[in-house]
Amino acid sequence: MEISCALPPSAEAPALIAEAERLGYTRAWCYDSPVLYGDVWMTLALAAERTSTIGLGPAVLVPSLRHPMANAAAIAHLAELAPGRVAVTLGAGFTGRMMLGQRPMPWSQVEQYVAALRALLRGEEIIWEGKALRMLQPPGYGAARPLADVPILLGAEGPKGLAAAERLADGVFSVGSVQKAGAFAWRATLQFGTVLEEGEHPTSDRVREAAGPAVAVIYHAVYERSGPGVDGFPGGQVWRESVELAPEDARHLSVHDGHLVALNRHDRLIWEQSRDLAPQLTLTGTPERVRERIAEMAANGVTEIAYQPVGPDKPRELRAFAEAAGIA
């Protein structure tokens, strides 16, 4: 089992990635949601300058945010800065699109984009929007083609996404999913939570800030997919009614405010009701319990855990998780 970290792009992220390398994390993934966080490629480039061994890559790139040539050039540039360390994940888009008021992309469009991106990285000429395109970066302006050693994963969980991954990808990257991994040799899963201190209660103030955003994102995702379906969660109706005070054309901004980094006003409103979900649905628990959960995921075919530290002391979260996972 590989233990990686996942981070929202920010000014502090490159230093956190350097700390993750020191602690023994295999890879650092950075999100691609420009409404919420900083620029993914800037963050990864700065991290490349501060590190020498840790893998680097975006997870999950959203095709509609950039022309395939723009992402191909960015991948080549990062591969030149960090040779042999780059991997890329693409997907249909969650907050990267929803925060723009859009729904996830159809998988047919994602597949077309991934195929074009792969061809560009191989140094081939493609037809895109009716015109011939090929990467022309001369030496010193990006890694030499073909860039066949850059793995591409798909951020997929449902049947359409998994089918696309079987056709096009080197593996899959899921969010919190621990079901059987099927035929994929590379199965990464994004996980959140916090390792408890000895004697610490899972409803402490520290746990609220370090694991609360992971609980909140469950409400965010369920609401986006099924609206009133969130009412079935503790405090869900109160949370939904608070969200729906916002105008409908701006509600997506209200839902995802603070997404994965802080509890927003709706999330804090129901924390007393929702907090018991932290040890149930996230990697929140004693070091022993966290190790047990990691072993369960490995038994289900997961090959990589990408852990996101949250809260006011992210170096502590990285260190505690590394120790619980047995890599530090």
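Residues numbered from 1 in each chain as written. Predicted model: local features only at pLDDT ≥ 70, side-chain atom pairs only at ≥ 80, totals over all residues. Heavy atoms only, no water.

Chemist: Describe the side chain of Thr51, and please don't skip the residues or the numbers.
Modeler: For Thr51, the location among the structural elements is in the loop between helix H2 (40-50) and strand E3 (55-58). Taking the relative accessible area as the measure of exposure, Thr51 reaches 9% and is therefore buried. At 2.8 Å, the side chain of Thr51 and the backbone oxygen of Ala47 are in polar contact. Ignoring anything within four residues of it in the chain, the contact list for Thr51 reads Ile17, Ala18, Glu21, Leu56 and Arg85. (Helix = DSSP H or I, 4+ residues; strand = E, 2+ residues; numbered from the N terminus. Buried < 20%, exposed > 50% of the residue type's maximum accessible area, 1.4 Å probe, protein only. Polar contact = N/O pair within 3.5 Å; in protein donor to acceptor, adjacent residues only side chain to side chain. Contact = heavy atoms within 4.5 Å.)

Chemist: Break down the side chain of Thr95 for me, citing the residues and quoting the values.
Modeler: On the secondary structure map, Thr95 appears in helix H4 (residues 95-98). Polar contacts involving the side chain of Thr95 include one to the side chain of Ser33, which spans 3.0 Å. Setting aside residues up to four positions removed in sequence, Thr95 forms contacts with Ser33, Leu36, His256 and His259.

Chemist: Quick one: what's the story with the pattern of salt bridges, residue by residue and with numbers?
Modeler: This model, assessed by the stated rule, comprises 23 salt bridges. One salt bridge in this structure joins Arg240 and Asp231, with 2.7 Å as the shortest N-O distance. Residue classification places Arg240 among the buried residues on the basis of a relative accessible area of 13%. For Asp231, a relative accessible area of 26% corresponds to the partly exposed category. When salt bridges that share partners are traced, they join Glu197, Glu200, Arg206, Arg316 and Glu317 into one network. (Salt bridge = Lys/Arg side-chain N within 4 Å of Asp/Glu carboxyl O.)

Chemist: For the packing of aromatic side chains, give the residues involved together with the corresponding values.
Modeler: Aromatic ring pairs are described here by two measures, namely the spacing of the ring centres and the angle between the planes. The final tally for this structure, using the stated rule, is 7 aromatic pairs. Seen in terms of ring centroids, Tyr219 and Trp239 are 6.0 Å apart; in terms of plane orientation they differ by 55°. Their pairing is tilted. One end of the pair, Tyr219, is in helix H7 (residues 205-226); the other, Trp239, is in helix H8 (residues 236-243), and 20 residues separate them in sequence. The class of Tyr219 is buried, set by a relative accessible area of 1%. (Phe/Tyr/Trp six-rings, centres within 6.5 Å; stacked < 30°, edge-to-face > 60°.)

Chemist: Report on the pairing of strand E4 (residues 88-91), specifying residues and quantitative values.
Modeler: Here E4 shows no split at all, with Val88 and Leu90 on one side and Thr89 and Gly91 on the other all buried. Where E4 and strand E7 (residues 152-155) come together, 4 bridges link them in parallel fashion. Across the sheet, Val88 pairs through a bridge with Ile152, a residue of E7. (Pairing = 2+ DSSP bridges.)

Chemist: Can you tell me about the pairing of strand E10 (residues 304-307), naming the residues and giving the values?
Modeler: By the alternation rule, side chains of E10 split into Glu304 and Ala306 and Ile305 and Tyr307, which are all buried. The pairing of strand E1 (residues 2-7) with E10 spans 4 bridges and is parallel. Following the sheet pairing, Cys5 is matched in E10 by Tyr307. Direction of pairing for strand E9 (residues 187-191) relative to E10: parallel, over a ladder of 4 bridges. If you follow Thr189 over to E10, its bridge partner there is Ile305.

Chemist: So what's going on with helix H13 (residues 287-299)? Residues and values would help.
Modeler: In this model H13 runs 19 Å from its N-terminal to its C-terminal C-alpha over 13 residues, within 8% of the 18 Å that 1.5 Å per residue would give. Among the residues of H13, those classed as buried are Val290, Arg293, Ile294 and Met297. Along the axis of H13, the buried positions cluster into a sector of 100°, meaning they face one direction only. (Expected span 1.5 Å × (residues − 1). Arc of directions from axis to C-beta.)

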